[in-house]
There are 2 protein chains.
Amino acid sequence: MNQQVGMCKDGIDTPALCLDANALERNIDRMAAFFGARPAALRPHCKTHKCPTIAWMQLRAGAIGVTCAKLDEAEAMARAGIRDILIANQIIGPKIPRLMGLATYSDVMVAVDDIANAEDLSAAACAAGVTLRVLLEVEVGMGRCGVPAGEPALALARRVAALPGLRFEGIMGYEGHAVMIPDGAERRAAAEEAMGILTGAADLLRRDGLPVGIVSGGGTGTYDVTGSYPGVTEVQAGSYATMDGRYHSVGLEFEQALTVVARVISAPHDDLAVVDAGLKTMTTEFGLPEVVHPEGWALQSLSEEHGKLKREGGDPLRPGDVVAFVPSHGCTTINLHDAYVVTRGDRVVAEWPIAARGGVR
Amino acid sequence: MNQQVGMCKDGIDTPALCLDANALERNIDRMAAFFGARPAALRPHCKTHKCPTIAWMQLRAGAIGVTCAKLDEAEAMARAGIRDILIANQIIGPKIPRLMGLATYSDVMVAVDDIANAEDLSAAACAAGVTLRVLLEVEVGMGRCGVPAGEPALALARRVAALPGLRFEGIMGYEGHAVMIPDGAERRAAAEEAMGILTGAADLLRRDGLPVGIVSGGGTGTYDVTGSYPGVTEVQAGSYATMDGRYHSVGLEFEQALTVVARVISAPHDDLAVVDAGLKTMTTEFGLPEVVHPEGWALQSLSEEHGKLKREGGDPLRPGDVVAFVPSHGCTTINLHDAYVVTRGDRVVAEWPIAARGGVR
């Protein structure tokens, strides 16, 4: 923590993960307005921002709770006083005692797609004297976790719902294969097909008398489809708050609140500048980050600790000059940093700890 | 920190970054034996392991000091009592006061390749009442930082050596373009060409009367070339201690001490298993990590929080089963974790904090 609140953004130590508070707030308000006009509710995913400060801004804007990927994240949110938490994954093996601990001071909910795991959770909940909420995860086309819709989902749901110590709350499915489709119409069609599978499974379970209160899906790329789809009750979108280059490329209307600010440490000649931000500062699985300041320079490559920029018409850079990037993938880039340097205009107004950074367990 | 020292490795919470202490010690001893028989010394790079515990093991085996990429790393090593530290990069702008603070309680040395930066360092050192050691960084073929060998290097060295508050110690150059060349003979040729440029520059400066005590270069892929090259006094190799899949692929004799241990969280059918380790646990810029346990399974893809494995002849996996991977790139993978789970055989013997994790400033 070497940043100084009140200082000009250009004076901060680099590299730094900067968050534009005005853009963040507008993104949160825009999403809240969307859900304020619909039956479905927003349960924003915290795996992107990993920051209780932002989670509380989302809750105050109307979100009904939060979604987490990992128990570590859920514990971080619970420590910040957030109670209604969905861990949208299976909790297995040595984590089960930790989950029961969390269940004693928060209202946590997990995904299940396997009867042996559900039985383990049931036994642990009974032993701990807690009631654990569970959602059945249904496979909706992504080909990852989840039980197939139809008879397999029904058979598993019946068994899970009968287990002591668990409260069967409903079902979830993630259309991760759809959220990044560049063409808006194709993206909508893929998301609608997935939500058709999910809500169809919900109807099947209800006809069997199972209490399906929650039908949860959705990501930032498809929130407008899933959030309007009849029968979907909750949407797990998360990246909309900070945004990144990847989601910007599919034409979403949210603003880019996240930048990485770096500094030139070497400029061997007028067409080359080397900055102090590399692969330990910005991730590349969705492509190279984009230079947004200064104009006329492009990122050529990232090595571990360095970024090489080539000149494309801008003025030559000198050691000490500031360069700003938009990360291509916010989720993994944020996970590299301990805190956001929060700015309004040109001024640093706060540092917000990324409390769940590195929380992969 | 949820691991328990003394427990069986199969019982640890996952995903976890595991370090085999026996393999680590054999790697450190092997490298120490190489340098024990030669005039050049080892100054191991800490940007890979980021761990003072390992740095001290290297120092006790004969290393003359440590190399760091960032001031954050150097501060972490100095806090652990290590004094002789090379930061093999340029320190610019808002970091200069921090560097002067570090120089008051350690024997730190930095790279310079720009006269304005050297003058800033000189002025700050004089104001702080410290003497800062500097190495001139020479470009040896990588096309990144550094001043060209020959007249530009000589002209800059003269000016730097004359600045008050700085002590001119010598030169450095990194043959990063050579360390990963798969063919051993080609790798050797590229490294020898680079060290020819570096030692040639050293000779030129010496003929001018400049005190070139240190000539520093080298990485794990080329340590045997640079460590034997006449005139090279120090080698900066770092990855040899832990190793990774990338360095293993170029045929180095060091052992794989580093693994990521994960657990199956979902197994929708016999040919698919999903583990709890994704891009926030293992990096992919040098390719997908390799499954080393169990046999007959291969990693198909990593998303943020999940790895999808496909069966290639092994027994079907069930939720809770343990899977081990060799990271393709140790440096960036280690940087995602807060601690090593240190094992001997099947037992956890320690947790070592990765003190400089995330230290990108």
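Here, residues in each chain are numbered from 1, in the same order as that chain's written sequence. Throughout, the order in which chains and ligands are written sets their labels, letters from A for the former and numbers from 1 for the latter. Under the rules for a predicted model, residues below a pLDDT of 70 receive no local features and side-chain atom pairs below 80 are neither given nor counted, while totals for whole chains, interfaces and linings still include all residues. Working from all heavy atoms in the structure, the side-chain values ignore hydrogens and water.

Novice: Go over the overall build of chain A with me, naming the residues and quoting the values.
Specialist: Counting its secondary structure elements, chain A contains 10 helices and 18 strands. Our radius of gyration looks at C-alpha atoms and nothing else; its globule reference is 2.2 Å times the residue count to the power 0.38. Computed over C-alpha atoms, the radius of gyration of chain A comes to 22 Å, within 12% of the 21 Å expected from 2.2 N^0.38 for 361 residues, which places it in the range of a compact globule. Its C-alpha atoms give chain A principal-axis dimensions of about 70 × 45 × 35 Å. Type-normalised accessible area, obtained with a 1.4 Å probe on protein chains alone, sets the label of each residue: buried when under 20%, exposed when over 50%, and partly exposed for intermediate values. When burial is assessed residue by residue, chain A has 62% of its 361 residues classed as buried. Taking all contacts inside chain A whose residues are at least 6 apart in sequence as the whole, residues at least 24 apart take part in 66%. Accessible surface, chain A as shown: approximately 12100 Å² in total, 49% of it carbon and sulfur. Charge-centre separation for chain A: the mean point of 33 positive side chains lies 4 Å from the mean point of 44 negative side chains. In this text, helices come from DSSP runs of H or I with a minimum length of four residues, and strands from runs of E with a minimum of two, each type numbered from the N-terminal end. Note on contacts: a residue pair qualifies if any of its non-hydrogen atoms lie within 4.5 Å across the two residues. Shrake-Rupley sampling with a 1.4 Å probe provides the accessible areas, and residues are treated as covered by the protein chains on show and by no other component. Note on charges: Lys and Arg go in the positive column, Asp and Glu in the negative column, and His and the chain ends are not counted at all. Here the site of a charge means NZ on Lys, CZ on Arg, CG on Asp, or CD on Glu.

Novice: Quick one: what's the story with the interface of chain B and chain A, residue by residue and with numbers?
Specialist: Facing the 58 residues of chain B at the interface are 58 residues of chain A. Surface buried jointly by chain B and chain A totals about 4700 Å² across both partners, of which 49% is contributed by carbon and sulfur atoms. For chain B, the biggest contributors to the area lost against chain A are Arg144(B), Lys280(B) and Arg361(B); these three give 15% of the whole. Salt-bridge detection follows one rule: a side-chain nitrogen of Lys or Arg within 4 Å of a carboxyl oxygen of Asp or Glu. Between the two partners, chain B and chain A, sit 12 salt bridges. With its nearest N and O atoms 2.6 Å apart, the salt bridge here joins Arg357(B) to Asp338(A). The definition of a polar contact used here is a pair of N or O atoms within 3.5 Å, where within protein one atom must be able to donate a hydrogen and the other to accept one, and adjacent residues in sequence count solely through side-chain atom pairs. Inspection of the region where chain B meets chain A yields 30 residue pairs in polar contact (both at pLDDT 80 or more). A quick way to say it: buried area is the sum, across both parts, of accessible area lost when two parts are put together, with a 1.4 Å probe.

Novice: Explain the relation of the copies chain B and chain A to me, using residue names and the numbers behind them.
Specialist: For the pair chain B and chain A, the best superposition has an RMSD of 0.0 Å and corresponds to a rotation of 180° with a translation of 0.0 Å parallel to the axis. Both copies of the chain, as the preceding transformation shows, are related through a two-fold rotation axis. Same-surface contact between copies: 100% of interface residues of chain B are shared with the interface of chain A. In superposing the copies, a least-squares fit is computed on C-alpha atoms, taking residues whose pLDDT is at least 70 in both.

Novice: For the environment of Glu151(B), give the residues involved together with the corresponding values.
Specialist: By the secondary structure assignment, Glu151(B) is in helix H6 (residues 151-161). Note: C-alpha distance between Glu151(B) and Leu204(B) (53 residues apart in sequence) is 8.7 Å.

Novice: Any details on unusual backbone geometry? Residues and values, ideally.
Specialist: Both trends apply: most residues other than glycine have a negative phi, and most peptide bonds are in trans. The omega torsion across Thr14(A) and Pro15(A) is -5°, close enough to zero to call that bond cis. Mapped onto the fold, Pro15(A) is located in the segment before strand E1 (16-20). A cis amide bond links His293(B) with the next residue in sequence, Pro294(B), at an omega value of -5°. One non-glycine residue, Lys50(A), lies in the positive phi region at around 55°. Among the secondary structure elements, Lys50(A) is positioned in the loop between strand E2 (41-42) and helix H2 (52-60). Taking relative accessible area as the criterion, Lys50(A) reaches 1% and is therefore assigned buried.

Novice: A description of the side chain of Glu234(B) should follow, citing residues and the corresponding values.
Specialist: Assignment of secondary structure puts Glu234(B) in strand E10 (residues 234-235). Polar side-chain contacts of Glu234(B) include one of 2.6 Å to the side chain of Arg43(B).

Novice: Describe the packing of aromatic side chains, naming the residues involved and giving the relevant values.
Specialist: All names here are of chain A. When the centres of two rings from Phe, Tyr and Trp lie within 6.5 Å, Trp using its six-membered ring, the rings pair. Their planes under 30 degrees apart give stacked, over 60 give edge-to-face, and anything left gives tilted. A full pass over the atoms with the stated rule returns eight aromatic pairs over all chains. Relative to phenylalanine 35, the ring of phenylalanine 34 has its centre 5.0 Å away and its plane inclined at 80°; by these criteria the two rings are edge-to-face. Grouping residues by exposure puts phenylalanine 34 and phenylalanine 35 together as buried. Where phenylalanine 34 meets tyrosine 223, the ring centres are 5.0 Å apart and the plane angle is 75°; that geometry is what we call edge-to-face. Of this pair, phenylalanine 34 sits in helix H1 (residues 21-36) while tyrosine 223 sits in helix H8 (residues 223-226), and the two are 189 residues apart along the sequence. Note on accessibility: phenylalanine 34 and tyrosine 223 belong to one class, buried. Within the aromatic cluster, the residues linked to one another by ring pairs are Phe34, Phe35, Tyr223, Tyr240 and Phe254. Charges are assigned to positions over rings by a cutoff of 6 Å between ring centre and Lys NZ or Arg CZ, combined with an angular limit of 35 degrees from the ring normal. In this arrangement the basic side chain of arginine 38 is found over the ring face of phenylalanine 34, its NZ or CZ atom lying 3.7 Å from the centre.

Novice: How would you summarise the pairing of strand E17 (residues 339-344) of chain B if you had to cite specific residues and measurements?
Specialist: Residues and elements named next belong to chain B. E17 sits mainly inside the fold: five of its six residues count as buried. Being paired, for any two strands, means DSSP has found at least two bridges between them. Of the strand pairs in this sheet, strand E1 (residues 16-20) and E17 are connected by three bridges, and their pairing is parallel. Following the sheet pairing, cysteine 18 is matched in E17 by valine 341. Where E17 and strand E18 (residues 347-353) come together, six bridges link them in antiparallel fashion. The partner of alanine 339 across the bridge, within E18, is proline 353. Between E17 and the antiparallel strand that follows it, E18, lie two residues; glycine 345 among them carries a positive phi value of about 60°.

Novice: Can you lay out the packing of helix H4 (residues 95-103) of chain A against helix H5 (residues 115-128) of chain A for me, pointing to particular residues and giving the numbers?
Specialist: Residue and element names in this part refer to chain A. Helix axes are fitted to C-alpha atoms over the stretch in contact, other axes to C-alpha atoms as well, and angles between N-to-C directions run from 0 to 180 degrees. For the pair H4 and H5, the least separation of the axes is 10 Å and the interaxial angle reads 50°. One finds that H4 runs oblique with respect to H5. In this structure, H4 crosses over H5, and the sense of that crossing is right-handed. Residues Ile96, Leu99 and Met100 of H4 pack against Asn117, Asp120, Leu121, Ala124, Ala125 and Ala128 of H5. The residue inventory of the contact of H4 with H5, partitioned by class, reads seven nonpolar, one polar and one charged. Comment on the angle field: the value is read as roughly parallel under 35 degrees, roughly antiparallel over 145, roughly perpendicular from 65 to 115, and oblique elsewhere. Each helix crossing is assigned a hand: it is left-handed if the near helix lies turned anticlockwise from the far helix by less than a right angle, otherwise right-handed if that turn is clockwise. Only Asp, Glu, Lys and Arg are considered charged in this grouping, and only Ala, Val, Leu, Ile, Met, Phe, Trp, Tyr, Cys and Pro are considered nonpolar; every other residue, Gly among them, is considered polar.

Novice: Residue-level account of the pattern of salt bridges, with values.
Specialist: Residue and element names in this part refer to chain A. Under the counting rule described, the total for this entry stands at 52 salt bridges over all chains. One salt bridge in this structure joins aspartate 208 and arginine 158, with 2.8 Å as the shortest N-O distance. With aspartate 208 in the loop between helix H7 (184-207) and strand E9 (214-217) and arginine 158 in helix H6 (residues 151-161), the pair connects residues that are 50 residues apart, well separated along the chain. Judged by its relative accessible area of 33%, aspartate 208 falls in the partly exposed class. When its relative accessible area of 41% is taken as the criterion, arginine 158 is described as partly exposed. Via salt bridges that share partners, Arg43, Asp84, Asp107, Arg133, Arg167, Glu169 and Glu234 belong to a single interconnected network.

Novice: Describe the confidence of the model for chain A, listing the residues and the values that go with them.
Specialist: On a scale of 0 to 100, pLDDT captures the predictor's confidence in every residue. The pLDDT averaged across chain A works out to 97; a share of 99% of its residues lies at or above 70. For this predicted complex, the interface confidence comes out at an ipTM of 0.96, alongside a pTM of 0.97.

Novice: Give a description of helix H4 (residues 95-103) of chain B that names residues and reports values.
Specialist: Residues and elements named next belong to chain B. Burial of H4 is extensive: seven of the nine residues sit out of reach of the surface. Along H4, the residues that are buried comprise Lys95, Ile96, Arg98, Leu99, Met100, Leu102 and Ala103. Buried residues along H4 sit against helix H3 (71-79), strand E4 (84-87), strand E5 (107-112), helix H5 (115-128) and strand E6 (132-139).

Novice: Which residues make up H6(A), and what values do they have?
Specialist: Of the positions making up H6(A), those classed as buried are Ala153(A), Leu154(A), Leu156(A), Ala157(A) and Val160(A). Considering only its buried residues, H6(A) is in contact with strand E5 (107-112), H5, strand E6 (132-139), strand E7 (147-148), strand E8 (166-172) and H7 of chain A.

Novice: Describe the environment of Glu175(A), naming the residues involved and giving the relevant values.
Specialist: All names here are of chain A. Within the secondary structure, glutamate 175 is located in the loop between E8 and H7. Taking relative accessible area as the criterion, glutamate 175 reaches 0% and is therefore assigned buried. For the pair glutamate 175 and threonine 226, spaced 51 residues apart in the sequence, the C-alpha separation amounts to 9.4 Å. Those residues within four positions of glutamate 175 in sequence are excluded, and the remaining contacts are Val140, Ala191, Ala194, Met195, Gly217, Gly218, Gly219, Thr222 and Thr226. At 2.5 Å, the side chain of glutamate 175 and the side chain of threonine 222 are in polar contact.

Novice: Explain the nonpolar core to me, using residue names and the numbers behind them.
Specialist: As used here, the term nonpolar core means buried Ala, Val, Leu, Ile, Met, Phe, Trp, Tyr and Cys residues forming a set that is joined through side-chain atoms within 4.5 Å. Counting residues in hydrophobic clusters, the biggest one holds 103 residues, and the most contacted among them are Ile85(A), Leu99(A), Leu136(A), Ile171(A), Phe325(A) and Tyr340(A). With sequence-adjacent residues up to four places away left out, Phe325(A) is seen in contact with Leu258(A), Thr259(A), Val260(A), Ala262(A), Val275(A), Met282(A), Pro289(A), Glu290(A), Val291(A), Val292(A), Leu299(A) and Leu309(A). Membership of the second largest hydrophobic core comes to 102 residues, among which are Leu59(B), Ala202(B), Ala257(B) and Val260(B).

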